[in-house]
Amino acid sequence: MTNKLLLESLQKLIEPSKMLTDTESLEAYGKDWTKIYTPNPMAIVFPKTTEEVQAIVQWANEHKVGLVPSGGRTGLSGAAVATNQEVVVSFDYMNKIIGFNEIDREVICQPGLITEQLQNFAEDNGLYYPVDFASVGSSQIGGNIATNAGGIKVIRYGMTRNWVVGLKVVTGKGDLLDLNKGLIKNATGYDFRNLFIGAEGTLGFIVEATIKLERKPNNLTALVLATPDFESIMSLLHAFQSKLDLTAFEFFSDRCLEKILDRGDIPAPLDDRYPFYALIEFEALTETIKDEALAIFENCMEQGWVVDGVISQSEQQLKNLWRLREDISETIAPFTPYKNDLSVTISKVPSFLADIDEVVKADYPDFDVLWYGHIGDGNLHLNILKPQNLAKEEFFAKCATVNKDVFEIVKKYNGSVSAEHGVGLVKRDYLEYSRSAVEIDYMRSVKAVFDPNNIMNPGKIFK
Ligand SMILES: O=C(O)CC[C@@H](O)C(=O)O
Ligand SMILES: [Zn+2]
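The rules behind these values
Residues numbered from 1 in each chain as written. Chains lettered and ligands numbered in written order. Predicted model: local features only at pLDDT ≥ 70, side-chain atom pairs only at ≥ 80, totals over all residues. Helix = DSSP H or I, 4+ residues; strand = E, 2+ residues; numbered from the N terminus. Rg over C-alpha atoms; globule rule 2.2 N^0.38 Å. Contact = placed C-beta atoms within 7 Å. Axes fitted to C-alpha atoms, helices over the stretch in contact; angles between N-to-C directions. Parallel < 35°, antiparallel > 145°, perpendicular 65-115°, else oblique. Left-handed = near helix turned anticlockwise from the far one by under 90°. Nonpolar A, V, L, I, M, F, W, Y, C, P; charged D, E, K, R; others polar. Near = placed C-beta within 6 Å. Pairing = 2+ DSSP bridges. Buried ≥ 20, exposed ≤ 12 C-beta atoms within 10 Å, placed from the backbone. Arc of directions from axis to C-beta. Core = buried A, V, L, I, M, F, W, Y, C linked by C-beta atoms within 7 Å. Domains from an automatic or database assignment. UniProt positions renumbered as here; feature names shortened; annotations may be inferred. pLDDT = per-residue confidence, 0-100.

Looking at the overall build of the protein chain
Step number 1: Secondary structure assignment for the protein chain yields 15 helices and 18 strands.
Step number 2: For 463 residues, the compact-globule estimate of 2.2 N^0.38 gives 23 Å, and the C-alpha radius of gyration of the protein chain, at 23 Å, lies within 12% of that figure.
Step number 3: Summarising its shape, the C-alpha atoms of the protein chain cover approximately 75 × 55 × 45 Å along the three principal directions.
Step number 4: Taking all contacts inside the protein chain whose residues are at least 6 apart in sequence as the whole, residues at least 24 apart take part in 74%.

Written out as structure tokens, the structure is:
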């Protein structure tokens, strides 16, 4: 069948204006924030109902056309990229909250709901949706679930997985599965809900989610503490965590702070500059808790782990301190960063970072290397910035070579080549550094059960 006839048959499954094939839309909907792949989808469709999604999946099976699910496309792994004449299935019009029960503290929503809208809905109802990260204003809940998004509050609240109590999915065979139905306890065999979370749309597409909400945190207070070296960050983590329930423990290097301050719109946290900074957040529920935090701060100074620091005294100051960490990714985006999102168990972080730093510095002494991340979760973001005079292709090729050495270290430490950004296309060829060949074979077999014709996000996670 020609493309023209194919598209005519596809168009019949959805509303007339809900298929796009113009160049600009193909370009926009065919890529995510990785921006390293050339988008090349056949069309974009915007289903409005589950039945339409099922019809599209049936159509794709019949014609053996790949489908790529599309949310806010803020992903950093290329999971929502369409490079191979796939049809992009955008959930932009399945974006509503369709139920809420305050006794269950559960909200039912469609996959295209913007994450921030879920957060706002929770807040309007005196509750809290705790998964938080810089791109909540654009990312969609379906994409968050498909990638098991993490972010800045994982130390206290866990990943997206922890908040999904029900999922409706259309499998690659076109079946509609209603998984776990909002239950907190459900011991009835395989939990397919958890299989679809983090599957990057390779088994099926999420068409509805039931999300659990939480009590709203009170009087969140942040400290930004400067340390003389990286090891001190770990001492701080231990000191604070052993006395307080933290809602965040993040870190960034001075190179990151420099980039942030160069923007000119975020105030410097301290008078001087130091090698590393920790951002520590807790609920100052009582004066005693706040005093306790200050006492730990003082003790850490006495130990030499902290050389200077600041504590937020207002909502505005809290926001400003968070921007120092949260805005790093967006701020360095124009420098064409080569990204890594690594994790190891927390105790191994210092030697892991030192080993990787040594490799990167030896291989690329003149590259700008930025370290930051969710240190309380053992998750490090390593960003290498492209020197201005180096062509993009050459830069990425060089980074890909050194990446092998980096991932050997990840493997040695039993770490992960993707802590929270997913595998997609970017980490696909490196999956074996974190998952065994046997495991990957099992993954392939599982995919074949749910998606025998390989039409659901083909080529993502593994080939
Ligand atoms: O861009 C990155 O490397 C990390 C993005 C995000 O996960 C963050 O923690 O800011
Ligand atoms: Zn992150």
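Some words on the packing of helix α13 (residues 349-363) against helix α14 (residues 392-412)
Step number 1: Packing of α13 against α14 leaves a shortest axis separation of 10 Å and a crossing angle of 165 degrees. Relative to α14, the element α13 lies roughly antiparallel. Taken as a pair, α13 and α14 cross one another with a handedness that is right-handed. Residues F352, D355, I356, V359, V360 and D363 of α13 form the contact with α14, whose participating residues are V402, D405, V406 and I409.
Step number 2: A class-by-class count of the residues in the contact of α13 with α14 yields seven nonpolar, no polar and three charged.

A look at the site of ligand 1
Step number 1: Around ligand 1, the neighbouring residues are L76, A134, I328, S329, K339, H381 and N383.
Step number 2: Those elements that provide at least two residues to the shell around ligand 1 are α12 (328-332) and β18 (379-385).
Step number 3: Among the residues forming the shell around ligand 1, the class breakdown is three nonpolar, three polar and one charged.

Some details on the sheet that holds strand β3 (residues 67-70)
Step number 1: Read across the sheet, four strands follow the order β1-β2-β4-β3 without closing on themselves; strand pairing throughout is mixed. What marks the edges here is a single partner per strand, and that holds for β1 (19-20) and β3.
Step number 2: One ladder, built from three bridges, connects strand β2 (residues 43-45) with strand β4 (residues 87-90); its direction is parallel. Bridged to A43 within β4 is V87.
Step number 3: Lying over the sheet, helix α1 (residues 3-11) contacts β1, β2 and β4, oriented at roughly 5 degrees with respect to β2.

Overview of helix α4 (residues 115-124)
Step number 1: Of the positions making up α4, those classed as buried are T115, L118 and A122. End-on view of α4: buried residues confined to an arc of 60 degrees, all on one side of the axis.
Step number 2: Taken together, the buried residues of α4 touch β6 (106-109), β7 (127-128), α5 (141-146) and β10 (204-212).
Step number 3: Just beyond α4, the residue with positive phi is G126, at close to 70 degrees.

Considering unusual backbone geometry
Step number 1: Despite not being glycine, N219 has its phi angle at roughly 50 degrees, a positive value.
Step number 2: With respect to the helices, strands and loops of the structure, N219 is situated in the loop between β11 (214-215) and β12 (220-227).

Quick notes on the nonpolar core
Step number 1: Formed by 118 residues in total, the largest nonpolar core has its most connected members in V87 and Y277.
Step number 2: In terms of residues, this core owes the most to one element, strand β14 (residues 276-283), which gives six residues.

Considerations on the pairing of strand β8 (residues 164-171)
Working note: regular strand, side chains alternate between the two faces of the sheet.
Step number 1: Most of β8 sits inside the fold, with seven of its eight residues counted as buried.
Step number 2: For β8 and β10, the ladder comprises seven bridges, and the chain directions are antiparallel. In the sheet register, L167 faces β10, and the bridge partner there is A209.
Step number 3: Sheet analysis places β8 next to strand β9 (residues 176-179), joined by four bridges and oriented antiparallel. Residue L167 lies in a different strand from β9, and its bridge partner there is L179.
Step number 4: In sequence, β8 turns back onto β9 through a hairpin of four residues, with G174 there showing a positive phi of about 90 degrees.

With respect to the domain arrangement of the protein chain
Step number 1: The domain boundaries assigned to the protein chain delineate domain 1 (3-90), domain 2 (97-215), domain 3 (220-329) and domain 4 (336-430).
Step number 2: Computed from C-alpha atoms alone, the centre-to-centre distance between domain 1 and domain 2 is 23 Å.
Step number 3: Taken together, the contact pairs 13 residues of domain 1 with 20 residues of domain 2.
Step number 4: The leading source of residues in the side of domain 1 that touches domain 2 is helix α3 (residues 50-63), at six residues.
Step number 5: Grouping the amino acids of the side of domain 1 that touches domain 2 by side-chain chemistry returns five nonpolar, eight polar and no charged.

Considerations on the UniProt feature "domain: FAD-binding PCMH-type" (unreviewed entry) in the protein chain
Step number 1: The positions that UniProt labels "domain: FAD-binding PCMH-type" (unreviewed entry) are, in the present scheme, residues 37-216.
Step number 2: Segment residues 37-216 splits into 22% helix and 25% strand. End C-alpha atoms: 40 Å apart.

Structural notes on the confidence of the model for the protein chain
Step number 1: Averaged over every residue, the pLDDT of the protein chain is 97; the share at 70 or more is 100%.
Step number 2: Mean pLDDT values for the elements of the protein chain range from 92 in α14 up to 99 in β10.

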